[in-house]
Amino acid sequence: MMARDLSNDSKIGRLDRVAMWLSAACVVHCLATAILVAALSTAGGVLGSPVIHETGLVLAIALGCVAFGRGIVAHRRVLPIVLGATGLSLMMAALFVAHAGGHLVESALTIVGVAVLAAGHALNRHTHR
């Protein structure tokens, strides 16, 4: 009988284990990619819907009217309302630009509008103290 080289068998076994893990990782990667792409395309369709933007704008206007209205009564400062109205106007403009100017202009107007509106709310909040 010949003696077998056990060290060589263990190396082959190790390579097989690595290859099996690599195969499993490939399956997980392929499945995860397909699921992620499907989820993102669905979420993109839902989150990119004009109804979401219009609803958000209506809520922002309603909350702004109440918060800035209470603020003007409490502290009589106009700057928070000016900032709020400017921010809301930029957000509203983004809805109209969306069809003509593309997503970049729409996104820029929305982001700047939200930031200016938030600054107005922050100033309105701090003047109450």
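Keep in mind it's a predicted model, so treat the numbers as computed, not measured. All residue numbers refer to position in the chain's written sequence, counted from 1. Residues qualify for local features only when their pLDDT is at least 70, as the model is predicted, and side-chain atom pairs are given and counted only at 80 or more; totals for whole chains, interfaces and linings, by contrast, use all residues. The side-chain values count all of the structure's non-hydrogen atoms but skip hydrogen atoms and water molecules.

What about the overall build of the chain?
Link 1 in the chain: The helix and strand labels rest on DSSP assignments: H or I over at least four residues marks a helix, E over at least two residues marks a strand, and numbering proceeds from the N terminus. If you tally the helices and strands in the chain, you get 4 helices and 0 strands.
Link 2 in the chain: Helices and strands in the chain line up, N terminus first, as α-α-α-α.
Link 3 in the chain: Exposure is judged per residue with a 1.4 Å probe applied to protein chains only, and the accessible area is read against the type maximum: over 50% gives exposed, under 20% gives buried, and values in between give partly exposed. Going through the 129 residues of the chain one by one, you find that 15% of them count as buried.
Link 4 in the chain: By definition, residues are in contact when any of their heavy atoms lie within 4.5 Å. Sequence-distant contacts, at least 24 apart, represent 68% of the contacts inside the chain between residues at least 6 apart.
Link 5 in the chain: Each accessible area value is a Shrake-Rupley result obtained with a 1.4 Å probe; residue values ignore everything except the protein chains displayed when judging cover. As presented, the chain carries roughly 9500 Å² of accessible surface, and 75% of it is formed by carbon and sulfur atoms.

Describing the nonpolar core
Link 1 in the chain: The nonpolar core is taken to be a set of buried Ala, Val, Leu, Ile, Met, Phe, Trp, Tyr and Cys residues, with the residues joined through side-chain atoms within 4.5 Å. Within the largest apolar cluster, 6 residues are counted, these being L57, A60, F68, L88, M91 and L117.
Link 2 in the chain: Elements with a minimum of two residues in this core: α2 (50–75) and α3 (79–101).
Link 3 in the chain: A per-element tally of this core places α2 first, with 3 residues.
Link 4 in the chain: Discounting residues that sit within four places of it in the chain, L117 has contacts with A60, F68, L83, G84, G87, L88 and M91.

Some points on the side chain of H75
Link 1 in the chain: Among the structural elements, H75 can be located in helix α2.
Link 2 in the chain: Judged by relative accessible area, H75 falls into the buried class, the value being 14%.
Link 3 in the chain: In protein, a polar contact means a hydrogen-donor-capable atom and an acceptor-capable atom, both N or O and within 3.5 Å, with residues adjacent in sequence counting only if both atoms are side-chain atoms; elsewhere, any N or O pair within 3.5 Å suffices. At 2.9 Å, the side chain of H75 forms a polar contact with the backbone nitrogen of R77.

Some words on the side chain of N124
Link 1 in the chain: Locating N124 in the fold gives a position in helix α4 (residues 103–126).
Link 2 in the chain: Residue classification places N124 among the buried positions, given a relative accessible area of 5%.
Link 3 in the chain: A polar atom in the side chain of N124 sits 3.0 Å from the backbone oxygen of A67.
Link 4 in the chain: Discounting residues that sit within four places of it in the chain, N124 has contacts with A67, F68, G71, H75 and P80.

Brief notes about α2
Link 1 in the chain: Helix length check: α2, at 26 residues, gives a terminal C-alpha distance of 36 Å against a target of 38 Å (1.5 Å per residue), a fit within 8%.
Link 2 in the chain: Among the residues making up α2, those that are buried are L57, A60, G64, F68, G71 and H75.
Link 3 in the chain: Following α2 by one or two positions, R76 has its phi on the positive side, about 60°. Helix span is expected to be 1.5 Å times the residue number reduced by one.

Distances and angles like these do not, on their own, reveal function.
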